[in-house]
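Descriptive analysis of the structure
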Amino acid sequence: MEKLIITVAPTGSLPKKKNNPAVPITPREIIEEGVRCEAAGAAIFHLHVRNPVDESPSPDYELFAKAYQGLRERTNLIVQISTGGRAGMDYEQRAKRLQLRPEMASLTTGSVNFPDSVYENSPALIESLAKDMQKLGIKPEMEIFDTSMISNALDLQRHGLVDAPLHFDFVMGLKGAIPATVENLVHLRQKIPGDATWSVAGIGPAQLAMNLHAVLMGGHARVGLEDNIYFCKGELATNVQLIERIALLSETCGRGVASIAEARQILRL
Ligand code: MG
């Protein structure tokens, strides 16, 4: 099996300092976190930004630019910009950040009911984001919340809007999305092309369990406070702790951990 690629999703849209003081919020905090995550073994950095005043998710291009440029200057990480949109962000708001030309960006290929809202991704929006990424030479990470989203991703490939080999991230265990079970993970993996790479993001307590299954099944792992703020029941985590734990487990299982250069090779960046 190839070495494990560790993605860290350190911020996301939801957890705030009051939930876990280790969530990086400002561009400066996000950049410093990137330096620590790289040292701990992460290869991919999934980037969201927040309004520094109220910590709400932000589409602000200047915040993305500041965090992105700082990460580029201070680290060698593969920066993956989220094109997710909370609070009704429209296509223009979600696409503008792609002008930074990161190596990767996330692309959710369908809509899903979040516990508190609808995460809306219309066919037209998905197509537009895919075209933008292709034009700018950005590799999409297909964010898969349910099996149908794999079909949608493969449709994009058939229509020439995304280029093989595809990379998938299975988001499992979120209320409203596919439950985090081994059966479901095996099912999702069976549905993607043989040349594709994949990782798993488990939400909350599913993070560790699904990451471990990915280690054993030849997939890759996404950790971080975006998906899970706890190290174990009742004990808050830091991003570095979550990275170090899955790195140790992967080493213990004999897979090792991909360096950033190795991750670029595995993902054909
Ligand atoms: Mg995200």
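See the structure printed just above.
Residues numbered from 1 in each chain as written. Predicted model: local features only at pLDDT ≥ 70, side-chain atom pairs only at ≥ 80, totals over all residues. Heavy atoms only, no water.

**Topic: the packing of helix α6 (residues 182–191) against helix α7 (residues 206–217)**
Stated formally: Here the axes come from fitting lines to C-alpha atoms, over the contacting stretch only for helices, and the angles between their N-to-C directions go from 0 to 180 degrees. Numbering of helices and strands runs from the N terminus; a helix is a DSSP stretch of H or I covering at least four residues, while a strand is a stretch of E covering at least two. Any angle from 65 to 115 degrees is called roughly perpendicular, while one under 35 is roughly parallel, one over 145 is roughly antiparallel, and all others are oblique. When the near helix sits turned anticlockwise from the far one by under a right angle, the crossing is termed left-handed; a clockwise turn instead gives a right-handed crossing. Residue contacts follow a heavy-atom distance rule, with two residues in contact if any of their heavy atoms lie within 4.5 Å. Side-chain classes follow a simple rule in which Ala, Val, Leu, Ile, Met, Phe, Trp, Tyr, Cys and Pro form the nonpolar group, Asp, Glu, Lys and Arg form the charged group, and the remainder, Gly included, forms the polar group.
Running from N to C, α6 and α7 cross one another at 50°; their axes reach a closest spacing of 11 Å. For the element pair α6 / α7, the angle class is oblique. Considering only the axes of α6 and α7, their crossing is right-handed. Between α6 and α7, the contacting residues are Val 182, Leu 185, Val 186 and Arg 189 on the first element and Met 210, His 213, Ala 214 and Met 217 on the second. Taken together, the residues of the contact of α6 with α7 break down into six nonpolar, one polar and one charged.

**Some words on the coordination of the magnesium ion**
Going by this rule: Donor selection uses N, O and S atoms within 2.8 Å of the metal (3.2 Å for Na, K and Ca). Since no water is included, sites may look incomplete. Relative accessibility under 20% of the residue-type maximum defines a buried residue, over 50% an exposed one, and the middle range a partly exposed one, all with a 1.4 Å probe and only protein chains included.
Summarising the metal site, the magnesium ion is bound by the protein donors His 46 (NE2), His 48 (NE2) and Glu 226 (OE), whose distances to it range over 2.2 to 2.3 Å. Linear spacing of the donor residues for the magnesium ion on their chain is H-x1-H-x177-E. Comparing His 46 with His 48, the two get one shared label, buried.

**Regarding the packing of helix α5 (residues 147–158) against α6**
In contact at an axis separation of 10 Å, α5 and α6 are set at 10° when each is read in the N-to-C sense. Here α6 runs roughly parallel to α5, going by the angle between their axes. On α6, the residues touching Thr 147, Ile 150 and Leu 154 of α5 are His 187, Leu 188 and Lys 191. The residue inventory of the contact of α5 with α6, partitioned by class, reads three nonpolar, two polar and one charged.

**A word on helix α4 (residues 123–136)**
Rules: Each helix should span, by expectation, one fewer than its residue count multiplied by 1.5 Å.
The end-to-end C-alpha distance of α4 is 20 Å, a good match for the 20 Å that 14 residues give at a rise of 1.5 Å each. Looking one or two residues past α4, Gly 137 carries a phi angle of roughly 70°, positive in sign.

**Things to note about the packing of aromatic side chains**
How we decide: Only centres within 6.5 Å qualify two rings of Phe, Tyr or Trp (six-membered ring in Trp) as a pair; their planes then separate them into stacked at under 30 degrees, edge-to-face at over 60, and tilted for everything else. Think of it as a cone above the ring: NZ of Lys or CZ of Arg counts as a charge over the ring if it is within 6 Å of the ring centre and within 35 degrees of the ring normal.
According to the stated counting rule, one finds five aromatic pairs in the structure shown. With a centroid separation of 6.1 Å and an interplanar angle of 75°, the aromatic rings of Tyr 119 and Phe 145 are classed as edge-to-face. Taken as a pair, Tyr 119 in strand β6 (residues 118–119) and Phe 145 in the loop between β7 (139–144) and α5 lie far apart in primary sequence, 26 residues in all. The pair formed by Tyr 119 and Phe 145 is uniform in burial state, with each residue classed as buried. Counting every residue linked through ring pairs, the aromatic cluster contains Phe 114, Tyr 119 and Phe 145. Sitting over the face of the ring of Tyr 61, Lys 96 holds its NZ or CZ atom 4.2 Å from the ring centroid.

**Focus on the environment of Pro 102**
Mapped onto the fold, Pro 102 is located in the loop between α3 (91–95) and β4 (104–108). Through-space distance from the C-alpha of Pro 102 to that of Gly 173 is 28 Å; in sequence the pair is 71 residues apart. Filtering out sequence-adjacent residues up to four positions away, Pro 102 remains in contact with Tyr 68, Val 79, Ile 81, Arg 97 and Ile 138.

**Brief notes about the environment of Glu 55**
Keep this limit in mind: N or O atoms closer than or at 3.5 Å make up a polar contact, with two conditions inside protein: a donor-capable atom paired with an acceptor-capable one, and, for residues adjacent in sequence, both atoms drawn from side chains.
By the secondary structure assignment, Glu 55 is in the loop between β2 (44–47) and α2 (61–74). Relative accessible area serves as the criterion here: at 17%, Glu 55 is assigned to the buried category. Sequence separation between Glu 55 and Asp 146 is 91 residues, and the spatial gap between their C-alpha atoms is 29 Å. If we skip the residues at most four places from it in the chain, Glu 55 touches Lys 16, Lys 17, Ile 25 and Arg 50. Within the local environment of Glu 55, its side chain forms a polar contact with the backbone nitrogen of Lys 17, the two atoms lying 2.8 Å apart.

**Looking at the sheet that holds β2**
Put simply, the test is: When DSSP finds two or more bridges between a pair of strands, those strands are recorded as paired.
The parallel closed barrel is built from eight strands, whose spatial order is β1-β2-β3-β4-β7-β8-β9-β10. Going across the sheet, the axis of each strand differs from the next one's by a mean of 25°, ignoring polarity. With four bridges connecting them, β7 and strand β8 (residues 167–172) associate as parallel partners. Paired with Ile 144 across the strands is Phe 170, a residue of β8. Taken strand by strand, α2 contacts β2 and β3 (78–81), and its axis lies near 170° from that of β2.

**Remarks on the pattern of salt bridges**
Selection rule: A pair is scored as a salt bridge if a Lys or Arg side-chain nitrogen falls within 4 Å of a carboxyl oxygen belonging to Asp or Glu.
Under the criterion given, the structure shown has ten salt bridges. A salt bridge links Lys 131 to Glu 127, with the nearest nitrogen and oxygen atoms 3.7 Å apart. With Lys 131 and Glu 127 both in helix α4 and four residues apart, this pair spans about one turn of that helix. With a relative accessible area of 42%, Lys 131 lands in the partly exposed category.

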